[in-house]
Amino acid sequence: MSQIRSVISGVGSYLPERIVTNDELSKTVDTSDEWIRNRSGIHERRIAADGQYTSDLGTQAAKNALEDAGLSADDLDLIIVATTTPDFTFPSTATIIQENLGMRQGAAFDIQAVCSGFIYAVHIADAMLKAGPYKRVLVIGAETFSRILDWTDRTTCVLFGDGAGAMILSREENAENGIINNFIRSDGRYCNLLQVDGGPSRTQTVGHVRMEGKQVFKHAVKDIALAMKSCAAEVDLEPSAIDWFVPHQANQRILDGVARQLGLKPEQVISTVAKHANTSAASVPLAFDAAVKDGRIKRNDLIMLEAFGGGFTWGATLLRY
Ligand code: ACO
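As the structure is a computational prediction, the values presented were derived from the model and not from experiment.

In this section: the environment of Asp 150. Within the fold, Asp 150 resides in the loop between β6 (136–144) and α6 (154–157). Among the residues examined, Asp 150 registers a relative accessible area of 15% and is labelled buried. In the structure, Asp 150 is positioned 58 residues away from His 208 in sequence and 5.6 Å away in space, judged by C-alpha atoms.

Listed below in structure tokens is the structure:
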């Protein structure tokens, strides 16, 4: 029987123009460049302009991914957008992007798994490509996280940024490359440790991010390492076999801790946290695209993606690019 694989046809990303440095933030909240760098590895973040929405960032990332793949919106039959900061409560940001791209066929929907959203979305896309009838899925992680931050809360507002990344997955038979395995988990016991304190049903407000940083940190290192080990073990691989580790960009110390636990060299870890900060569902495709475009990630490389976020949710994807 022929093996069907979801192969990456193209990747793209987009960052808003405005750069906000740690020094700039220290003028409005009681923090310092030194504290933010030492505790998180973040130097700066991008912030969307007034009137620039999650759908705008996602559309630009999608256009860049289509160009990278040499495809047009007519070639797509599904769009999945992972976001926690949709333009509206409804319609989905995915349908707005569908309209922005001029795509008149197929379907589009959003999924919500906070910072793990892109990994969840890739898993869904992979399953739908394998089940059929879909042939080409555009998967986007896009966020304007700056819009749900409490800019007076120094324990959260210094950690996040805005951006978008996109990946086009195509159904191919007997391909050597593509998604090899997906692993996702969640544990709702911890939903209070990382949450937004507003929402349509409970408060009729949008709310702000609240986080018990230390506890999130401990769970993140443990669960990410386990997810990567499980994702590799299910296909009889050791994590040490991978060429590149493309993690969710929450904190450089989490990246270092996970790499140490798995015996990976620091130079195998794609880190964009210094320049992007935590862009939630956008962070993995943003980092992936950065490493493809600067020539580090090459075709046929074995790559592990991973993420951890509110819920808690976490997961990993093993793929050959
Ligand atoms: N500037 C200066 N001081 C600060 C700041 C700041 N921005 N923020 C906190 N502090 C202070 C605290 O008040 C505390 O002071 P105290 O000792 O007088 O009480 C001190 O610094 C230490 O604070 P901690 O919270 O203990 O610092 P920690 O070393 O744990 O680092 C951090 C905090 C960066 C948040 C870290 O815990 C972390 O990265 N956690 C994980 C975040 C994460 O992975 N999130 C997952 C995804 S996010 C998503 O899904 C939406």
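Bringing the packing of helix α7 (residues 213–233) against helix α8 (residues 252–262) into the picture now. In the contact formed by α7 and α8, the axes pass within 9 Å of each other and the chain directions differ by 40 degrees. Taken together, α7 and α8 sit at an angle that is classed as oblique. Crossing handedness for the pair α7 and α8: right-handed. Residues Phe 217, Ala 220, Val 221, Ile 224, Ala 225, Met 228 and Lys 229 of α7 form the contact with α8, whose own contacting residues are Arg 253, Ile 254, Gly 257, Val 258, Gln 261 and Leu 262. Looking at the contact of α7 with α8, its residues break down into 9 nonpolar, 2 polar and 2 charged.

It is worth spelling out the packing of helix α3 (residues 54–69) against helix α4 (residues 93–100) at this point. Two elements in contact, α3 and α4, have axes whose closest approach is 9 Å; the angle formed by their N-to-C orientations is 55 degrees. For the element pair α3 / α4, the angle class is oblique. The handedness of the crossing between α3 and α4 is right-handed. Residue-level contacts link Thr 54, Ser 55, Asp 56, Gly 58 and Thr 59 of α3 to Thr 93, Ile 96, Ile 97 and Asn 100 of α4. Grouping the constituent residues of the contact of α3 with α4 by class yields 2 nonpolar, 6 polar and 1 charged.

Put simply, the protein chain has an average pLDDT of 97, and 100% of its residues get 70 or more. The least confident element of the protein chain, judged by mean pLDDT, is α8 at 93; the most confident is strand β4 (residues 78–82) at 99.

Note that the residue after Phe 90, namely Pro 91, is joined by a cis bond; omega there is 5 degrees. Examined against the element boundaries, Pro 91 turns out to sit in the loop between β4 and α4. At the junction of Gly 311 and Phe 312, the peptide bond is cis and its omega measures out at -15 degrees in the coordinates. Relative to the elements of secondary structure, Phe 312 occurs in the loop between β12 (302–309) and β13 (313–320). Its identity is not glycine, yet Gln 204 carries a phi of approximately 55 degrees, on the positive side. Positioned with a positive phi, Ala 277 is a non-glycine residue whose angle comes to about 60 degrees. Checked against the element boundaries, Ala 277 lands in the loop between α9 (273–276) and α10 (283–293).

Attention shifts here to the sheet that holds strand β11 (residues 244–247). Within a sheet, adjacent strands bond to each other through the backbone by hydrogen bonds, running parallel or antiparallel. Across the sheet, which stays open at both edges, the 4 strands sit in the order β8-β13-β12-β11 with mixed pairing between neighbours. What marks the edges here is a single partner per strand, and that holds for β8 (178–186) and β11. In this sheet, adjacent strand axes meet at a mean angle of 15 degrees when their direction is disregarded. Bridge count for β11 against β12 is 4 bridges, and the pairing is parallel.

Okay, the pairing of strand β1 (residues 4–14) next. Counting buried positions along β1 gives 10 out of 11 residues, so the element sits mostly inside the fold. Two strands pair when backbone bridges link them, and β1 and strand β7 (residues 162–173) are joined in this way by 10 bridges, in the antiparallel orientation. The residue bridging Gly 10 from the neighbouring strand is Ile 168, located in β7.

This next bit is on a positive patch on the surface. Positive charge collects at one region of the surface, where Arg 39, Lys 214, Lys 218 and Arg 253 lie side by side. Among the secondary structure elements, Lys 218 is positioned in helix α7. Its relative accessible area of 59% is what places Lys 218 among the exposed residues.

This part covers the sheet that holds β1. Strand order in this open sheet of 5 strands is β1-β7-β6-β4-β5, and the pairing throughout is mixed. Where the open sheet ends on each side, the last strands, each with one partner, are β1 and β5 (107–111). Taking the axes of each pair of neighbouring strands and ignoring which way they run, one obtains an average angle of 20 degrees across the sheet. Its contacts with the sheet place α4 against β4, β5 and β6, and it is angled at close to 140 degrees to β5. Each of β1, β4, β5, β6 and β7 is contacted by helix α5 (residues 117–131), which is oriented at about 165 degrees to β6, the strand it contacts most.

All right, on to the site of the ligand then. As a structural note, the neighbourhood of the ligand is formed by 27 residues, with Thr 31, Arg 39, Cys 115, Lys 214 and Asn 251 the closest of them. For the ligand, a nitrogen atom lies 2.9 Å from a polar atom in the backbone of Arg 154. The separation between an oxygen atom of the ligand and a polar side-chain atom of Arg 253 is 3.2 Å. A total of 1000 Å² of accessible area belongs to the ligand in isolation, and the protein chains cover 76% of it.

So, about the nonpolar core. The tendency in soluble globular proteins is for nonpolar side chains to be buried as a group. In this structure, Leu 169, Val 246, Phe 288, Ile 297, Ile 303 and Tyr 321 are the most contacted members of the largest nonpolar core, which totals 34 residues. Those elements that provide at least two residues to this core are β1, β4, α5, β6, β7, β11, α10 and β12. With 7 residues, α5 is the single largest residue contributor to this core. When residues are assigned to domains, this core turns out to be shared by domain 1 (4–173) and domain 2 (178–270 + 282–320), each giving three or more. Sequence-distant contacts of Ile 303, that is, excluding residues within four places in its chain, are made with Trp 244, Val 246, Phe 288, Ile 297, Thr 317, Leu 318, Leu 319 and Tyr 321. Among the nonpolar cores identified, the runner-up in size contains 28 residues, and Val 216, Val 221, Ala 259 and Ala 316 belong to it.

Conventions and cut-offs
- Here the residue numbers are simple positions, counted from 1 along each chain's written sequence.
- Per-residue local features are limited, in this predicted model, to residues with pLDDT of at least 70; the limit for side-chain atom pairs, both in listing and counting, is 80 or more; totals at the level of whole chains, interfaces and linings are taken over all residues.
- Neither water nor hydrogens contribute to the side-chain values; these are computed over all heavy atoms in the structure.
- Helical segments are the DSSP runs of H or I of at least four residues, strand segments are the runs of E of at least two, and each set is numbered from the N terminus.
- With a 1.4 Å probe rolled over the protein chains alone, any residue whose accessible area is under 20% of its type maximum counts as buried; one over 50% counts as exposed, and the rest are partly exposed.
- Note on definitions: angles span 0 to 180 degrees between N-to-C directions of axes, and those axes are lines fitted to C-alpha atoms, for helices only across the stretch in contact.
- Any angle between 65 and 115 degrees counts as roughly perpendicular, while under 35 counts as roughly parallel, over 145 as roughly antiparallel, and the rest as oblique.
- When the near helix sits turned anticlockwise from the far one by under a right angle, the crossing is termed left-handed; a clockwise turn instead gives a right-handed crossing.
- Note on contacts: a residue pair qualifies if any of its non-hydrogen atoms lie within 4.5 Å across the two residues.
- Residues are grouped as follows: Ala, Val, Leu, Ile, Met, Phe, Trp, Tyr, Cys and Pro are nonpolar; Asp, Glu, Lys and Arg are charged; all remaining types, including Gly, are polar.
- Scored from 0 to 100, pLDDT reflects the predictor's confidence in each residue.
- Paired strands, in this sense, are two strands between which DSSP finds at least two bridges.
- Exposure above 30% relative accessible area and the absence of a salt bridge qualify a residue for a patch, where like charges join within 9 Å and nonpolar side chains (Val, Leu, Ile, Met, Phe, Trp, Tyr) within 5 Å.
- Only the protein chains shown count as cover for residues, and all accessible areas are computed by the Shrake-Rupley method using a 1.4 Å probe.
- Basic side-chain nitrogens of Lys or Arg form a salt bridge, by our definition, when they fall within 4 Å of a carboxyl oxygen of Asp or Glu.
- Counted as positive: Lys and Arg. Counted as negative: Asp and Glu. His and the chain ends are not counted at all.
- Where a charge sits is defined by one atom per residue type, namely NZ (Lys), CZ (Arg), CG (Asp) or CD (Glu).
- Residues are classed as near a molecule or strand on a simple rule: at least one heavy atom within 4 Å of it.
- Whenever two N or O atoms come within 3.5 Å, that pair is a polar contact, provided that in protein one can donate a hydrogen and the other can accept it, and provided that, for residues adjacent in sequence, both atoms are side-chain atoms.
- Grouping buried Ala, Val, Leu, Ile, Met, Phe, Trp, Tyr and Cys residues that are joined through side-chain atoms within 4.5 Å yields what is termed a nonpolar core.
- Source of the domain bounds: an automatic or database domain assignment.

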